[in-house]
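One letter stands for each residue in the lines below.
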Amino acid sequence: MSLPPARPPAPTWVASLRHRSDLLREIRSRFDAAGFFEVQPPCLSGECVVDAYLDPISIAVEDLGLPVGDFSSSSGRLFLQTSPESAMKRMLVDGGPSIYSIGPVFRRGERGSRHNLEFTMLEWYEVGADASRSIERLADLARLTLRQDGVEVITYRDLFRRQLGVDPLDCELAELQKLVAAEDETLSRSIGPHRDGLLDVLMSVRIEPTLGHQCPTIVTRYPLTQAALAKRSSEDPDCAERFELFAAGVELANGYDELLDPDELVRRFEANNRIRQAAGREVIPMPSRFIEAMRRGLPPCSGVALGIDRLLMVRLGMNEIEDVLPLPIERA
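Attention here is on the structure that accompanies the text. Remember, it's a predicted structure, so these values are computed and weren't measured experimentally.

## Details of the pairing of strand E8 (residues 217-220)
Because side chains alternate across E8, one face comprises the buried residues Thr 217 and Val 219, and the other comprises Ile 218 and Thr 220, equally buried. Where strand E7 (residues 152-155) meets E8, four bridges bridge the pair, whose relative direction is parallel. Its bridge partner lying in E8, Ile 154 is registered against Val 219. Where E8 and strand E9 (residues 242-247) come together, four bridges link them in antiparallel fashion. Bridge pairing links Val 219 to Glu 244 in E9.

Written out as structure tokens, the structure is:
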């Protein structure tokens, strides 16, 4: 029987415990002072947000040791949540104020230098806020936690124009294919004439590693085809009010001016399941309770999800996520 990897030297992980505690205290103080309520969404639920690329971990209802009839799960399974989004939005629909949570989330198959199967997420929703307000709050949090004076804010279009000399939405597909082929010709051929696939490669390989080294960078107005659960931009109809935070070449946070239309939500979930099916991934059951709550009316709000472990990595200048985790999955 093979043994799990040895724990790193004590000073590394013991020091990270103190730094993590300091970081969490700073974050909670900031949100408490702003009038947010801290909430604790369930980790285990009968439904899960349908994401095209994130795979949830599930367990059979029978394994809970409780009467199966007590659960309304259509799939006979419960899911460890990839994000507290569904539960938190349901709280807002039922009259909750601006809220935040700091807790564990789970993503099947994710392990690497920046990934652990279980990690800690800060997620917040500000009632009445739009994307610009949440970008301001995210920038303030980045300055506080990363000890920075400034934050760069740039649109997705302008970022591609600056870094690669192309408009990502208006340029010919052949231009994007040529740029990807310069990195990996086989990959370029396998993606074919699919703009978002080409853009994803260029963003992750050519652009993301360069972001946030002088100061944190917030990229705004992602293509509408990459909107996730964000509204369409009123100023650039080809884009969505989605934004992301990067520092030291690491993606730290993802935020939206939240989509309010329940019918559009269903269409996006259905599209995500088609992407999952085409890629050989398991189809995720539609989250009926979440959709029903959306039909009752989510108040206008903006939300952000931020990875605490990655934030701590960047703050401490670490390269491996396990350097800031006392018990990564192999030793948990």
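So, next bit.
## Brief notes about the environment of Gln 148
Inspection of the secondary structure assignment puts Gln 148 in the loop between helix H3 (131-146) and E7. Given a relative accessible area of 28%, Gln 148 falls into the partly exposed group. Spatially, the C-alpha atom of Gln 148 lies 48 Å from that of Gly 76, the residues being 72 residues apart in sequence. The residues contacting Gln 148, other than those within four sequence positions of it, are Arg 143, Gln 214, Cys 215 and Pro 216.

## What to know about the sheet that holds strand E2 (residues 44-45)
Backbone hydrogen bonds are what pair the strands of a sheet, in a parallel or an antiparallel way. In spatial order, the strands read E2-E4-E3; together these three strands make up an open sheet with antiparallel pairing. In this open sheet, the two edge strands, each paired with only one partner strand, are E2 and strand E3 (57-60). Bridge count between E3 and strand E4 (residues 77-80): four bridges; the pairing is antiparallel. Across the sheet, the residue bridging to Ile 59 is Leu 78, located in E4.

## Some details on helix H5 (residues 173-183)
Within H5, the full set of buried residues consists of Leu 176, Leu 179 and Val 180. Along the axis of H5, the buried residues cluster in a sector spanning 95°; they form a single face. In H5, the exposed residues that point more than 90 degrees away from the buried face are Ala 174, Lys 178 and Ala 182. The elements touched by buried residues of H5 are helix H4 (156-164), helix H6 (185-191) and helix H7 (195-207).

## Focus: the sheet that holds E7
Pairing within the open sheet is mixed, and its eight strands lie in the order E1-E5-E6-E11-E10-E9-E8-E7. For this open sheet the edge positions go to strand E1 (37-38) and E7, each flanked by a neighbour on one side alone. Here strand E10 (residues 250-257) pairs with strand E11 (residues 301-307) via five bridges, running antiparallel. The residue of E11 that forms the bridge with Gly 255 is Val 304. Contacts between helix H2 (residues 85-93) and the sheet are confined to strand E5 (99-106), strand E6 (118-127), E10 and E11, with E6 contributing the most and set at about 25° to the helix. The sheet strands contacting H4 are E7 and E8, and the helix crosses E7 at an angle near 95°.

## Observations regarding the pairing of E9
Most of E9 sits out of view: six of its six residues are buried. In the sheet, E9 pairs with E10 via six bridges, with the strands oriented antiparallel. Bridge pairing links Phe 246 to Glu 251 in E10. What sits between the antiparallel neighbours E9 and E10 is a turn of two residues, in which Ala 248 has the positive phi angle 55°.

## Some thoughts on the side chain of Ser 86
Tracing the sequence through the fold places Ser 86 in helix H2. Classification of Ser 86 by relative accessible area gives buried; the value is 5%.

Here is what the cut-offs are and how they apply
Residues numbered from 1 in each chain as written. Predicted model: local features only at pLDDT ≥ 70, side-chain atom pairs only at ≥ 80, totals over all residues. Heavy atoms only, no water. Buried < 20%, exposed > 50% of the residue type's maximum accessible area, 1.4 Å probe, protein only. Helix = DSSP H or I, 4+ residues; strand = E, 2+ residues; numbered from the N terminus. Pairing = 2+ DSSP bridges. Contact = heavy atoms within 4.5 Å. Arc of directions from axis to C-beta. Axes fitted to C-alpha atoms, helices over the stretch in contact; angles between N-to-C directions.

Functional significance is not addressed by these values, which are geometric in nature.
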